Amino acid sequence: RVYARALLQEPRERLRVPLLARLESMRPSLHLSSPLAARAGSSVIMGGDYAAAASALFANVRLPASIVAGVLVPLSFGYVLPREGEVFSPRTQGALIRVYRVLSIWAYVSLVVAIVDASVAINSLAENAHAPAASVADLIASEYQLPWVAMNVNFLFGLCSVFVLVALRALMTWGSDEARVAA
């Protein structure tokens, strides 16, 4: 009974340890203590393997980009846009529909490129050896700067394009009969 109570209280004690201290204990680095560092109460970090942490950062963009790309397909091509509306003239409405279609394709391509960039970087981080780095940011800056920038730029462009597409769709269907707009 005492043993069971200790087991139940043990996770609570772990939760009381500050998150930063737990992350520090998990840090994959080589600590070399020097006499100067020992007097200062710290250690000198020479480097570590941050490939798993960098993979997680790339995956943090890959999943949302996949979800937004999946939402974009029916938003862009699943519903017919009205040729005439109360807000714009028919000529302007036609031009906006063409802009909408081009922006939809461009946004979808940007999101797919972000997904591919992230996937290739994650595979490279898993398959290739890396020089020790002082932090995740140093690893990405030294070996994965181009995929990181390309992935983020494409993701942000795709995400902003989706917002513009939603706004355009709302403007073009303003006051239209929703039953006629749906496919």
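Residues numbered from 1 in each chain as written. Predicted model: local features only at pLDDT ≥ 70, side-chain atom pairs only at ≥ 80, totals over all residues. Heavy atoms only, no water.

S.K.: Give a description of the overall build of the chain that names residues and reports values.
M.R.: On a plain count of helices and strands, the chain comes out with eight helices and two strands. Listing the helices and strands of the chain from first to last along the sequence gives α-α-β-α-β-α-α-α-α-α. Looking at the chain as a whole, 30% of its 183 residues are labelled buried. Counting only carbon and sulfur atoms, one obtains 67% of the accessible surface of the chain, whose full area is about 12,000 Å². (Helix = DSSP H or I, 4+ residues; strand = E, 2+ residues; numbered from the N terminus. Buried < 20%, exposed > 50% of the residue type's maximum accessible area, 1.4 Å probe, protein only. Areas by Shrake-Rupley, 256 points an atom, 1.4 Å probe, with all protein chains shown as cover.)

S.K.: I'd like to hear about the side chain of T173, residue by residue, with values.
M.R.: Here T173 shows up in the loop between α7 (145–172) and α8 (178–181). In terms of polar contacts, T173 uses its side chain to reach the backbone carbonyl oxygen of R169, at 2.7 Å. (Polar contact = N/O pair within 3.5 Å; in protein donor to acceptor, adjacent residues only side chain to side chain.)

S.K.: A description of the side chain of S55 should follow, citing residues and the corresponding values.
M.R.: Here S55 lies in helix α4 (residues 51–77). When sequence neighbours within four positions are dropped, the list of residues in contact with S55 reads I122 and L125. (Contact = heavy atoms within 4.5 Å.)

S.K.: Outline the packing of α4 against helix α6 (residues 136–143), listing residues and values.
M.R.: Contact geometry for α4 and α6: axes closest at 9 Å, N-to-C directions at 75°. Considered as vectors, α4 and α6 are oriented roughly perpendicular to each other. Between α4, through A51, A53, A54, L57 and F58, and α6, the contact on the second element is made entirely by V136, L139 and I140. Grouping the amino acids of the contact of α4 with α6 by side-chain chemistry returns eight nonpolar, no polar and no charged. (Axes fitted to C-alpha atoms, helices over the stretch in contact; angles between N-to-C directions. Parallel < 35°, antiparallel > 145°, perpendicular 65-115°, else oblique. Nonpolar A, V, L, I, M, F, W, Y, C, P; charged D, E, K, R; others polar.)

S.K.: Talk me through the packing of aromatic side chains; I want residue IDs and the actual numbers.
M.R.: Counted according to the given criterion, the structure contains three aromatic pairs. Where F58 meets Y144, the ring centres are 6.3 Å apart and the plane angle is 70°; that geometry is what we call edge-to-face. Here the residue F58 occupies a position in helix α4, and Y144 occupies one in the loop between α6 and α7, the gap between them amounting to 86 residues. For Y144, a relative accessible area of 5% translates into the label buried. Between F58 and W148, the aromatic rings sit 5.2 Å apart at their centres with planes inclined by 90°, giving edge-to-face as the arrangement. (Phe/Tyr/Trp six-rings, centres within 6.5 Å; stacked < 30°, edge-to-face > 60°.)

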